[in-house]
Structures are given as C-alpha cells and as structure tokens.
Amino acid sequence: MMTTEATAAKVSRKKTNTQGDVILDRELEDLPADLRWREWMMRVEAVIFASAEPVARETLARVVGKDCSIDLLIDDLVEELRDRPYELVSVAGGWQHRSRSAYADAIRASQAPTRGAVAALSEFEAMVLMAIAYSQPITRSELSKIFGKEVSRDTIGSLRSAGFVGSGPRSPTPGAPYTYVTSKHFLSAFGLETLRDLPDIEALDDAGLLDARIPLGNGTAEERPDEDE
C-alpha cells in the first residue's frame, strides 16, 4: 500500500511552462482512483490550513481535477477531523480550520498567540458595528440619527482598521455620501457564512440581548456583493 508521503512524492514532480512557472498536475490520471481522491483531499486541506482567511470554492478548484466534487471532498475531510480538537467550518463564503469550542478554555489558559483573533472593540464601537450589520448600507449621518449623537470618523476608522467594515455604494441622498457595509472578515470573525446568518432581531430582543438604544428596523440584512475595502 502506498503511504501518503509516497503518494505526495510521486505527484510532486514539477512541470514548468515556457515562462518557468510551475504547472500543477490537477487530474492525476496516473494514480488509482482511491489515491487520486486522497491526494485531492490532502491538497484541499493544505490550502485551507495555510490560508489566513476562509478559502473559496473557486480557489480550491485550482488544485483538483475539473470533475472533482469540492463538496464531497469537504465532507470527507469533515468526517476525518471528527475526533480532532479542530474542525473544518463553512464561513464567509469559504472554508476555514477552527478550534473546537470545547477547547477554548485550554487555549486561553495557554496564553499562546492565536491567528485570527478578533480585535477588541469598545462598547460603543460594538454597538455601531451591530447597527451597520443590520442596516447596511448606511451612512455615518444615518448612524448618528440612530444613536442620537454623532458617530465620529474615528469610530468608523477603528472599525475599518479592525477589518470589520468597508465602503459601500454612494448614498442617493444629497451630497452622495459614502455608505458603510460589513466585510468578509466580519463574517469570518463572527462565524457567519452569509449575512442571512445574523441573529433575528426579535430573538435578540426576547433574550434581552438587544440594546434598546439601537432601533434596527425590521431586523433583516439584505445580501449584497462582498466588500473588502
């Protein structure tokens, strides 16, 4: 039986084009079907493991055969990691490795630096981020009306620096001010696959988790093209 290392060595033979760029053998037609599938699994996991952000389907498709099912590969990887302290999760339109919540206390106790740590926000910054998430696209002036006081450029700047918000489309109101929208990093940081996964406003209110100072309308955020600005 060929080991994973031996398989990897066999398929690692590099081919280059006339410009010297490495060409990856995606189809692996010289391998038996079971070893081909295993190699595709390892490639997909390696790409996800190496990435600092969730990896989209089209990115993973670059390292496997054209007829390979990404979904079935992910299903097999999820099953393989079932007994591990980390898992493969679908988040922000892609996939990412995440530590299981059962080990959160151990990770905190270790005080080890972690990747993808969520930036600390002040209470007011967190409230503004919540308002943007549920009311986007929204201008700074509209945010100020929600809170009954000015939402400063510094507050928006802090949320942008943390990677949680970016610029949205220009508002149709006089002066065409910029609007603000949440980013892919926002989805990733809070474990959301899409904006539709935001908690329902009524559910938050019933649970006593909604600040009465934030009138958020109907409590639904419309899907929009992802902004990374």
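What this report covers is the structure whose coordinates are included nearby. Owing to the predicted nature of the structure, the values given are computational and were not obtained by experimental measurement.

Looking now at the sheet that holds strand β6 (residues 165-170). Ordered in space as β5-β7-β6, the three strands form an open sheet in which the pairing is antiparallel. With one partner strand each, in any of the chains shown, β5 (138-139) and β6 form the two edges of the open sheet. This element, helix α8 (residues 153-161), spans β6 and β7 (178-182) of the sheet and lies at about 115° to β6.

Here the focus is the pairing of β7. Within β7, four of the five residues are buried, which leaves it mostly tucked inside the rest of the structure. By the bridge criterion, two bridges tie β5 to β7 in an arrangement that is antiparallel. The residue of β7 that forms the bridge with Ile138 is Tyr180.

Let us now look at the environment of Ser90. Along the chain, the position of Ser90 falls in strand β3 (residues 86-91). When the C-alpha atoms of Ser90 and Ile74 are compared, they prove to be 9.6 Å apart, with 16 residues separating the residues in sequence. When sequence neighbours within four positions are dropped, the list of residues in contact with Ser90 reads Trp95 and Glu193. One polar contact links Ser90 to Glu193, side chain to side chain, over a distance of 3.0 Å.

Turning our eyes to something else, we now look at the packing of aromatic side chains. Enumeration over the complete set of coordinates arrives at four aromatic pairs. Judged by centre distance (6.3 Å) and plane angle (70°), the rings of Trp37 and Trp40 are edge-to-face. Taken together, the positions of Trp37 and Trp40, both in helix α2 (residues 33-50) and three residues apart, correspond to about one turn of that helix. By relative accessible area, which is 23% here, Trp37 ends up partly exposed. The buried category is assigned to Trp40, whose relative accessible area is 9%.

This part covers the side chain of Thr179. Structurally, the position occupied by Thr179 is in strand β7. Excluding its chain neighbours within four sequence positions, the residues that come into contact with Thr179 are Pro137, Ile138, Thr139, Gly166, Ser167, Gly168, Pro169, Arg170 and Ser171.

A separate point is the packing of α2 against helix α4 (residues 70-80). The interhelical angle for the contact between α2 and α4, taken along N-to-C directions, is 80°, at an axis separation of 10 Å. One element, α2, and the other, α4, form an angle in the roughly perpendicular class. Between α2 and α4, the residues in contact are Trp37, Arg38, Trp40, Met41, Met42, Val44, Glu45 and Ile48 and Leu72, Leu73, Ile74, Asp76, Leu77 and Glu80, respectively. Here the residues of the contact of α2 with α4 sort into 10 nonpolar, no polar and four charged.

Of note, the bond from Gln136 into Pro137 is cis; its omega dihedral lies within 30 degrees of zero at -5°. Residue placement: Pro137 occurs in the loop between α6 (123-135) and β5. For Leu28, which is not a glycine, the phi torsion comes out positive at approximately 55°. Position of Leu28 among the secondary structure elements: in the loop between β2 (22-23) and α2. For Leu28, a relative accessible area of 0% puts it in the buried group. In the Ramachandran plot, Ala176 falls in the positive-phi region, its phi being about 45° despite a non-glycine side chain. Checked against the element boundaries, Ala176 lands in the loop between β6 and β7.

Enumeration according to the criterion identifies seven salt bridges in this entry. Of the charged contacts in the structure, one is a salt bridge between Arg38 and Glu80, with a shortest N-O distance of 2.5 Å. Residue Arg38 is found in helix α2, and its partner Glu80 is found in helix α4; the two are separated by 42 residues along the sequence. Judged by its relative accessible area of 29%, Arg38 falls in the partly exposed class. Look at Glu80 and you get partly exposed, because its relative accessible area is 37%. Of the charged contacts in the structure, one is a salt bridge between Glu87 and Arg100, with a shortest N-O distance of 3.2 Å. Of this pair, Glu87 sits in strand β3 while Arg100 sits in the loop between β4 (94-99) and α5 (104-110); the two residues are 13 residues apart in sequence, bridging distant segments of the chain. Taking relative accessible area as the criterion, Glu87 reaches 27% and is therefore assigned partly exposed.

About the criteria used
Residues numbered from 1 in each chain as written. Predicted model: local features only at pLDDT ≥ 70, side-chain atom pairs only at ≥ 80, totals over all residues. Heavy atoms only, no water. Pairing = 2+ DSSP bridges. Helix = DSSP H or I, 4+ residues; strand = E, 2+ residues; numbered from the N terminus. Contact = heavy atoms within 4.5 Å. Axes fitted to C-alpha atoms, helices over the stretch in contact; angles between N-to-C directions. Buried < 20%, exposed > 50% of the residue type's maximum accessible area, 1.4 Å probe, protein only. Polar contact = N/O pair within 3.5 Å; in protein donor to acceptor, adjacent residues only side chain to side chain. Phe/Tyr/Trp six-rings, centres within 6.5 Å; stacked < 30°, edge-to-face > 60°. Parallel < 35°, antiparallel > 145°, perpendicular 65-115°, else oblique. Nonpolar A, V, L, I, M, F, W, Y, C, P; charged D, E, K, R; others polar. Salt bridge = Lys/Arg side-chain N within 4 Å of Asp/Glu carboxyl O.

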